[in-house]
Amino acid sequence: MQHDVIIACDFKSAADTFRFLDLFANEERKPFLKIGMELYYAEGPSIVREIKRRGHKIFLDLKLHDIPNTVRKAMAVLSQLDVDMCNVHAAGTIEMMKAAREGLTREDGTRPLLIAVTQLTSTSEERMQRELLIGASIDETIVQYARNTREAGLDGVVCSPLEAGMVHEACGTGFLTITPGVRFADGDVADQVRVTTPARAREIGSDFIVVGRPITAAADPVAAYHRCVREFLNE
Ligand code: C5P
């Protein structure tokens, strides 16, 4: 079973990103990084190539959601970028997720990990029911979207660490949970609401934790990363 700490590189430019990554230049363990829409749209595929060249694994968090044919073709492009993990919205349907998997699979049969977003943690149950006309509870919706994700042949879902146990119960322990919303016990929560510590996230069953500001905004980001790895992987 694979477990790792993924640092969310929520920087606005390549220059800011490399200033941060230079701090890790002498580290033996190159951190697994998440690149989101802001950085990717600002810098394009070259930022992915450059970070790969420096030896990091990359989770490209672009959350694709479109008609199956478009998603299949976009994923075929991303598979050539050699990222290690990418994602779609489960709301795009099982058919769209299957198309994503097909598009991402290279000629030799290999592909990056492919995961789905269930309901964004910014969506409250009240809004989901009133605006999206989804009558079920948010937990039932998350479990159903996770089951759809597994049926489409994807590898796992993004969810809150507090939901990881529920997802594993429904979809099995081999189905991956990638969980943001992680804070050190003595740290600043900022705008996250439902948070947990790296050690607790591991206990509940997170396979990968995505950690941004507790590392990127720390006085000593390398030390904060090491602390996170130590607490999550119990190393
Ligand atoms: O700085 P912080 O640790 O809160 O960063 C968490 C990262 O995970 C950010 O990149 C945020 O966009 C992402 N994320 C999240 N909640 C979700 C999905 C993604 O916080 N439900």
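Conventions adopted
Residues numbered from 1 in each chain as written. Predicted model: local features only at pLDDT ≥ 70, side-chain atom pairs only at ≥ 80, totals over all residues. Heavy atoms only, no water. 1 Å grid on protein atoms, 1.4 Å probe; cavity = no way out; pocket = protein on both sides within 12 Å on 5 of 7 lines; lining within 4 Å. Points joined across faces, edges and corners; volume = space filled by probe spheres on them. Helix = DSSP H or I, 4+ residues; strand = E, 2+ residues; numbered from the N terminus. Nonpolar A, V, L, I, M, F, W, Y, C, P; charged D, E, K, R; others polar. Pairing = 2+ DSSP bridges. Axes fitted to C-alpha atoms, helices over the stretch in contact; angles between N-to-C directions. Contact = heavy atoms within 4.5 Å.

Trainee: Go over the layout of surface pockets, please, and point to the residues and values.
Mentor: Approximately 990 Å³ is the volume found for the largest pocket. Lining the largest pocket are 36 residues; nearest its centre among them are T121, S122, P180, G181 and Q192. Breaking the lining of the largest pocket down by element, the ones donating at least two residues are β3 (58-64), α7 (138-151) and β8 (208-211). Considered as a void within the structure, the second largest pocket measures approximately 190 Å³ in volume. In terms of lining residues, the second largest pocket is bounded by R183, F184, G187, D188, A190, R213, P214, A217, A218, A223, A224 and R227. Going through the elements one at a time, α10 (213-216) and α11 (221-233) are the ones with two or more residues in the lining of the second largest pocket. Looking at which element gives the most residues to the lining of the second largest pocket, the answer is α11, with three residues. Class assignment of the residues belonging to the lining of the second largest pocket gives a composition of seven nonpolar, one polar and four charged.

Trainee: Explain the sheet that holds β3 to me, using residue names and the numbers behind them.
Mentor: Read around the closed barrel, eight strands run β1-β2-β3-β4-β5-β6-β7-β8, paired in parallel fashion. Put simply, the sheet's adjacent strands are angled 25° from each other on average, direction ignored. Direction of pairing for strand β6 (residues 156-158) relative to strand β7 (residues 176-179): parallel, over a ladder of three bridges. Bridge pairing in β7 links G156 to L176. Against the sheet, helix α5 (residues 94-104) contacts β3, β4 (85-89) and β5 (113-117), and its axis sits at roughly 155° relative to β5.

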